[in-house]
Amino acid sequence: MNSARYSLAIIITAALTLSACSKRDETPAAASEASSEAATPGDPVASAESAAPKSISAAATVISMDADGKMSELRKGTNGWTCMPDNPTTPGPDPMCMDGNALAWANAWMGHKPPPTDAPGVMYMLSGGTDASNTDPYATKPTEGSDWIKTGPHLMIVGSAAILKGHPAGQQPDTSAPYVMWQGTPYAHLMVPVG
């Protein structure tokens, strides 16, 4: 195994282990209830915190983006992670928490700039996600005849082309197994269901 793949394997293993450990005392129903209660539209900090294990989200910086794309800090964090609340323009919950490498990747995507390609990052979306397209990183609604892609609780591994090899992609992915989102674009990344 080459060093890049070994590093990615360590990142994924650590992220999955952390996720499992933080939820070890929760039943699936309790975890789902906690996420839906925390992701209330009236409390953006609680919504943002619902994206990751409390061991990460409780000490994370919380930021929010307005309709014009302007970011504002709702809470200063201490652990290097950044969380965002649910995006009200999508039909399902989609708060997220990301490490520093994933934040750099997300900033590149939002700014239509080339993302880092050799700095793997991890994003948690434990409340799930709803995307307009699995092929177009800038779609704001599904194309005619398509529907929103709903993914349950998952991790995203970004910033590495090597990790994408061997995983399926396409317009209508099987969201119950790992798949590539936005394949063929600079923002291709791996979606990994958890729970």
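Thresholds, definitions, all that
- Residues numbered from 1 in each chain as written.
- Predicted model: local features only at pLDDT ≥ 70, side-chain atom pairs only at ≥ 80, totals over all residues.
- Heavy atoms only, no water.
- Helix = DSSP H or I, 4+ residues; strand = E, 2+ residues; numbered from the N terminus.
- Buried < 20%, exposed > 50% of the residue type's maximum accessible area, 1.4 Å probe, protein only.
- Pairing = 2+ DSSP bridges.
- Axes fitted to C-alpha atoms, helices over the stretch in contact; angles between N-to-C directions.
- Contact = heavy atoms within 4.5 Å.
- Arc of directions from axis to C-beta.
- Salt bridge = Lys/Arg side-chain N within 4 Å of Asp/Glu carboxyl O.
- Core = buried A, V, L, I, M, F, W, Y, C linked by side-chain atoms within 4.5 Å.
- Disulfide = S-S within 2.5 Å.

Caption draft 1: Summary view of unusual backbone geometry. For His 112, which is not glycine, the phi torsion reads 55 degrees and is therefore positive. In this structure, His 112 sits in the loop between α5 (100-110) and β5 (118-125). Phi at Trp 182 takes a positive value of approximately 65 degrees, unusual for a residue other than glycine. Checked against the element boundaries, Trp 182 lands in the loop between β9 (179-181) and β10 (189-193). On the accessibility criterion, Trp 182 (6% relative accessible area) is buried.

Caption draft 2: Up close: the sheet that holds strand β3 (residues 82-84). Spatially, the eight strands line up as an open sheet ordered β2-β1-β3-β4-β5-β8-β10-β9, and their pairing is mixed. Two strands in the sheet have a free side with no partner beyond their single neighbour: β2 (71-75) and β9. Neighbour-to-neighbour, the strand axes of the sheet open up by a mean angle of 30 degrees, direction not taken into account. Sheet topology note: the β9/β10 ladder contains three bridges and is antiparallel. Note that in β10 the partner of Val 180 across the bridge is Leu 190. Docked against the sheet, α5 engages β1 (61-65), β2, β3, β4 (96-98), β5, β8 (154-160) and β10, running at close to 90 degrees with respect to β5.

Caption draft 3: Spatial organisation of α5. Restricting attention to buried positions, one finds in α5 the residues Ala 102, Trp 105, Ala 106 and Ala 108. An end-on view of α5 places all buried positions within 160 degrees of arc, on one side of the element. Residues of α5 that are buried in the fold lie against β4, β5, β8 and β10.

Caption draft 4: A look at the pattern of salt bridges. By the definition in use, this model includes two salt bridges. Glu 49 is paired through a salt bridge with Lys 54; the nearest N and O atoms lie 3.3 Å apart. On the basis of relative accessibility, which here comes to 14%, the residue Glu 49 falls in the buried class. Measuring nitrogen to oxygen at the nearest pair gives 2.6 Å for the salt bridge that ties Arg 75 to Glu 49. Taken together, the residues span a long stretch of sequence, with Arg 75 in strand β2 and Glu 49 in helix α3 (residues 44-49) at a distance of 26 residues. One continuous salt-bridge network, built from bridges that share partners, spans Glu 49, Lys 54 and Arg 75.

Caption draft 5: Layout of the nonpolar core. Core analysis: the biggest nonpolar cluster contains 21 residues, and Tyr 124 and Leu 190 have the highest contact counts within it. Counting 17 residues, the second-largest nonpolar core is a separate cluster that includes Ala 106, Met 125, Tyr 179 and Met 191.

Caption draft 6: Summary view of the state of the cysteines. For the structure shown, the criterion picks out one disulfide. One disulfide in the model links Cys 83 with Cys 97; its S-S distance is 1.9 Å. Between Cys 83 and Cys 97 the sulfur-sulfur dihedral comes to about 105 degrees; the bridge is accordingly right-handed. In this pair, Cys 83 is assigned in strand β3 and Cys 97 in strand β4, connecting sequence segments 14 residues apart. Residue classification places Cys 83 among the buried residues on the basis of a relative accessible area of 0%. For Cys 97, a relative accessible area of 0% gives the class buried.

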